[in-house]
Amino acid sequence: MAYTEERKTKIFNKIINLIVDEGTPVRQILKEKWAPSTSTFFDWLEEDEKKAKRYARACEIRADILFEEMHEIAFTPEIGETVEMNQKGGKNGKKEMKKIQGDMLGHRRLKVDTLKWQISKLNPKKYGDKLDVTSGGDKILSAEERSQKIRELKEKLNQ
């Protein structure tokens, strides 16, 4: 389907708003009937640097939203019910079902761990496990590499 520029802009804005406002993954959005195919959407990004930058920024914002959601999940109890089955009196004994209500701590921990992993992939510079605070993003040289670099610079100075 060929899109007019006006329609393309309207659809693109809707996609960006869903990413930013609700943290919806682009894969999920592109499954909607009104949305373009995945290849069409990424063609739009290839063709238009401004759209690509807006999409990249929307993904950064989504990571921030998910970070805040993770914090909320961690500090908000979720009350749920677990069921325990016990059998008394051997194999042919009476089965007893016990329902326990309480905070679903394991479920919340799984949600937090999943979000933590996801945001580390969405924005590794900000939320990744390894933070480089010393080099401004440049490669950190080993002692041997550093010595070699110093020798090269000295040779250039002496020429």
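A brief structural summary.

What counts, and where the lines are drawn
Residues numbered from 1 in each chain as written. Predicted model: local features only at pLDDT ≥ 70, side-chain atom pairs only at ≥ 80, totals over all residues. Heavy atoms only, no water. Salt bridge = Lys/Arg side-chain N within 4 Å of Asp/Glu carboxyl O. Helix = DSSP H or I, 4+ residues; strand = E, 2+ residues; numbered from the N terminus. Buried < 20%, exposed > 50% of the residue type's maximum accessible area, 1.4 Å probe, protein only. Pairing = 2+ DSSP bridges.

Applying the stated criterion to the full structure yields 9 salt bridges. Ionic pairing is found between Lys-8 and Glu-47, a salt bridge with its closest N-O pair at 3.7 Å. Here Lys-8 is found in helix H1 (residues 5–22), whereas its partner Glu-47 is found in helix H3 (residues 38–47), with 39 residues between them in sequence. On the basis of relative accessible area, Glu-47 is assigned to the exposed category, the value being 58%.

Here the focus is the pairing of strand E2 (residues 94–103). Counted residue by residue, E2 has 0 buried out of 10 residues, so it is predominantly exposed. Relative to E2, strand E1 (residues 79–88) runs antiparallel, the two being bridged by 10 bridges. Within E2, the position partnered with Glu-81 by the bridge is Gln-101. Between E1 and E2, which pair antiparallel and follow one another directly, the connecting turn spans 5 residues, one of which, Gly-89, has a positive phi of 90 degrees.

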